[in-house]
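# Summary of the model geometry
Residue strings, one per chain:
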Amino acid sequence: MNSNKYLPILVSGFGAAVLTAVPYVKAFSYFLIIPAASFVALYLNLRVNNVLPPISIKSAIVYGFLTGLVLALFSSTFEILITFIAHSNDFVTTLPQTEAAMRSLNMGSLLDQTMGLLNKMSSEIVTYGFSLLYTIAITFSNVVIDSIFGIIGGIIGRLIINKKTRQNKI
């Protein structure tokens, strides 16, 4: 078994997770950082493991998915750690605006139940620096979203790498 097989995924996923922990850079994560991490993982796989192009669609999807998964796990860990240290995060800061926006929708008792849960999570974060429900929610959300954008990045990266390879052969 090749010990370097998953190294490009780990390196690019970890690097992207570090970037997504930076407050203002985080805004670009879904459309730029996550797809770029999948592209980097594919490119590093070519270089480290001496894989010859063209890259198959299956490999691109697998590398994109795994890069998104690694990125989600690392970024969730960083988010939880920073929240634990700071006893605050974006969720706590924006909760009042979220509540105002949700109240304008006139959702009735569903809103009261939802806001009760969100306020409980917020108070746990402020008091203890940790909320189990928040941890589960942020991890699940990151896994789903980062994997989807990772797959998209893997497919785009495949197209770019295969196109460059074809151009160099002509």
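Right above here is the structure, for reference.
This report concerns the structure included in the present document. Just so you know, these numbers come straight off a predicted model, no measurement behind them.

### With respect to the pattern of salt bridges
Oppositely charged side chains may form a pair once their charged atoms are brought near each other. Taken as a whole and judged by the stated rule, the model has 3 salt bridges. A cluster of three or more residues bridged by salt bridges with shared partners is formed by Glu99, Arg103 and Asp112.

### Some words on the packing of aromatic side chains
Following the criterion strictly, the structure yields 6 aromatic pairs and no others. Centre to centre, the rings of Phe14 and Phe78 are 5.8 Å apart; their planes meet at 70°, and the pair counts as edge-to-face. Placement of Phe14 in helix 1 (residues 7–20) and of Phe78 in helix 3 (residues 57–86) is noted, with a sequence separation of 64 residues between them. The class for Phe14 is partly exposed, based on a relative accessible area of 38%. Relative to Phe149, the ring of Tyr30 lies with its centre 5.7 Å away and its plane at 35°, an arrangement referred to as tilted. Remark: Phe149 occurs in helix 6 (residues 132–169) and Tyr30 occurs in helix 2 (residues 29–48); sequence separation between them is 119 residues. Overall, Tyr30 belongs to the partly exposed group, its relative accessible area being 30%. By way of ring pairs, the aromatic residues Phe14, Phe74 and Phe78 are connected into one cluster.

### With respect to the environment of Ile55
Tracing the backbone through its elements, the reader meets Ile55 in the loop between helix 2 and helix 3. For Ile55, a relative accessible area of 7% translates into the label buried. When the C-alpha positions of Ile55 and Gly157 are compared, they lie 9.3 Å apart, and in sequence the two are 102 residues distant. Among all residues touching Ile55, those that are not within four sequence positions of it are Leu42, Leu46, Ala60, Arg158, Ile161 and Asn162.

### A few points about the packing of helix 4 (residues 90–103) against helix 5 (residues 109–128)
At a minimum axis separation of 10 Å, helix 4 and helix 5 run at an interaxial angle of 170°. With respect to their mutual orientation, helix 4 and helix 5 come out roughly antiparallel. On the side of helix 4, the interface is formed by Phe91, Val92, Leu95, Glu99, Met102 and Arg103, while helix 5 contributes Leu111, Asp112, Thr114, Met115, Leu118, Asn119, Met121, Ser122, Ile125 and Val126. Of the residues belonging to the contact of helix 4 with helix 5, the class tally is 10 nonpolar, 3 polar and 3 charged.

Calculation criteria
- Numbers given for residues are sequential positions, taken from 1 along each chain in its written order.
- Given that this is a predicted model, residues contribute local features only at a pLDDT of at least 70 and side-chain atom pairs are listed and counted only at 80 or more, while totals for whole chains, interfaces and linings are drawn from all residues.
- Side-chain numbers come from the whole structure's heavy atoms, not from hydrogens or water.
- A pairing counts as a salt bridge when a side-chain nitrogen of Lys or Arg comes within 4 Å of a carboxyl oxygen of Asp or Glu.
- Aromatic rings from Phe, Tyr and Trp, with only the six-membered ring used for Trp, were paired whenever their centres fell within 6.5 Å, and each pair was classed as stacked if the ring planes differed by under 30 degrees, edge-to-face if by over 60, and tilted otherwise.
- In this description a helix means any DSSP run of H or I spanning at least four residues, a strand means any run of E spanning at least two, and both kinds are numbered starting from the N terminus.
- Each residue is placed in one exposure class: buried if its accessible area under a 1.4 Å probe, protein chains only, is under 20% of its type's maximum, exposed if it is over 50%, and partly exposed if it falls in between.
- Throughout, a contact is declared for two residues whenever any of their heavy atoms are within 4.5 Å.
- Every axis in this analysis is a line fitted to C-alpha atoms, fitted for helices over the stretch in contact. Angles between the N-to-C directions lie between 0 and 180 degrees.
- Angles are sorted into four bins: roughly parallel if under 35 degrees, roughly antiparallel if over 145, roughly perpendicular if 65 to 115, and oblique for all others.
- Charged means Asp, Glu, Lys or Arg here, nonpolar means Ala, Val, Leu, Ile, Met, Phe, Trp, Tyr, Cys or Pro, and polar covers whatever is left, Gly included.

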